[in-house]
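# A structural walkthrough
Below are the chains, spelled out letter by letter.
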Amino acid sequence: MIVVLLSPPGSGKGTQCRRLLGLLGVPHLSTGAMLRESVRTGSEMGKMAGSFIQQGKLVPDDVIVTLVKQRLQERDCEAGCLLDGFPRTVPQAVALDRELKALGRRQVDVALELRVTLEELIRRLVERARQEGRQDDSADTVVRRMEVYDLQTKPVLEYYREQGKLVSIDGMGSADEVFARIETQVRKYGSATGN
Ligand code: AMP
C-alpha cells in the first residue's frame, strides 16, 4: 500500500508516522529526514539543501524527485511505502505518479491530511523547538514554512481530492485519538485495495 501523509509543520506528522509504520509494515520515505541526513554528512546535496531548509523554503523539485526516484527503485519499496513530506508541490505529485507507472508499481492508494487549528500548530511548534532544538523551528522559519504549505502544498491536496484519494483527518486531541482516526481510514482503504 502507498500512503502519502501531508500536513502542515507542527501537525503531529512525525508521531503519527511512527505509529502508522507499525500498522502498515512498509518502508518510511521521509524527504525531510533524507535531506537532514545529507546535510549532516556534508554531501553536495546537503550543502545545497541546507540553506533552503534553514530558510523554511522548499528544496527544488528536480532535486527531491531524483532523491525519491532512487529510493523508490529499491526492492523494499516494491510492496509500497509511507511517503512523509512528499509530494509537497503539484509537479512532485505528477512526477511521483509518472515514476510509479514507469516502474510498473501500484499508484498512491490514499493521501492523508491531518487538520489542526493554527493556534494548536503554533503551540506544538514552540514546544518542539524547546524539546528538540530543530534549527528550522525558529519563529521566522516556522511562519515561512506555513506560508509555503499554504501556497505550494495545499494544491497537492486538491490534486489528490480530484483523484478521490484525499482523506482529511481531525488532528486535534491526543496522539492516541488521532491515530485511532488514521487507523480506521487506512484499514478502509487497505481493504478497498486488497492490501
Ligand atoms: P520536514 O521534515 O518534512 O518538515 O522537512 C524539512 C524541510 O526539508 C522542509 O521545510 C523543506 O525545506 C525540506 N523538504 C522536505 N521535503 C521536501 C519536499 N518534498 N520538497 C521540497 N523540500 C522538502
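Please refer to the structure higher up on the page.
The notes below deal with the structure included here.

About the thresholds
Residues numbered from 1 in each chain as written. Predicted model: local features only at pLDDT ≥ 70, side-chain atom pairs only at ≥ 80, totals over all residues. Heavy atoms only, no water. Helix = DSSP H or I, 4+ residues; strand = E, 2+ residues; numbered from the N terminus. Buried < 20%, exposed > 50% of the residue type's maximum accessible area, 1.4 Å probe, protein only. Near = heavy atom within 4 Å. Polar contact = N/O pair within 3.5 Å; in protein donor to acceptor, adjacent residues only side chain to side chain. Areas by Shrake-Rupley, 256 points an atom, 1.4 Å probe, with all protein chains shown as cover. Nonpolar A, V, L, I, M, F, W, Y, C, P; charged D, E, K, R; others polar. Core = buried A, V, L, I, M, F, W, Y, C linked by side-chain atoms within 4.5 Å. Salt bridge = Lys/Arg side-chain N within 4 Å of Asp/Glu carboxyl O.

### What about the environment of Met-1?
With respect to the helices, strands and loops of the structure, Met-1 is situated in the segment before strand E1 (2-6). Relative accessible area serves as the criterion here: at 7%, Met-1 is assigned to the buried category. Taking the C-alpha atoms as reference, Met-1 lies 18 Å from Arg-161; in sequence the two are 160 residues apart.

### Remarks on the site of the ligand
Thr-31, Arg-36, Lys-57, Arg-88 and Gln-92 are the nearest of the 17 residues found near the ligand. In the environment of the ligand, a nitrogen atom lies 2.8 Å from a nitrogen or oxygen atom belonging to the side chain of Thr-31. Measuring from a nitrogen atom of the ligand, one finds a backbone N or O atom of Gly-85 at 3.0 Å. Protein chains bury 96% of the 480 Å² of accessible surface belonging to the ligand in isolation. It is helix H2 (residues 31-41) that contributes the most residues to the shell around the ligand, 4 residues altogether. For the shell around the ligand, the class distribution of residues is 6 nonpolar, 4 polar and 7 charged.

### Observations concerning the nonpolar core
Membership of the largest hydrophobic core comes to 28 residues, with the highest contact counts inside it found for Leu-83, Leu-96 and Tyr-160. For this core, the secondary structure elements donating two or more residues are E1, helix H3 (44-55), helix H4 (61-72), strand E3 (81-84), helix H5 (90-102) and helix H7 (139-162). Listed in part, the 19 residues of the second largest apolar core include Met-1, Cys-17, Ile-182 and Tyr-189.

### Comments concerning unusual backbone geometry
Residue Pro-87 is bonded to the preceding Phe-86 through a cis peptide linkage, with omega at -5°. Position of Pro-87 relative to the elements: it lies in the loop between E3 and H5.

### Side note on the pattern of salt bridges
Across all of its chains, the model carries 16 salt bridges by this definition. The salt bridge partner of Glu-99 is Lys-69, with a shortest N-O separation of 4.0 Å. Remark: Lys-69 occurs in helix H4 and Glu-99 occurs in helix H5; sequence separation between them is 30 residues. Relative accessible area serves as the criterion here: at 35%, Lys-69 is assigned to the partly exposed category. A single network of salt bridges, built from pairs that share partners, joins Arg-71, Glu-74 and Asp-76.

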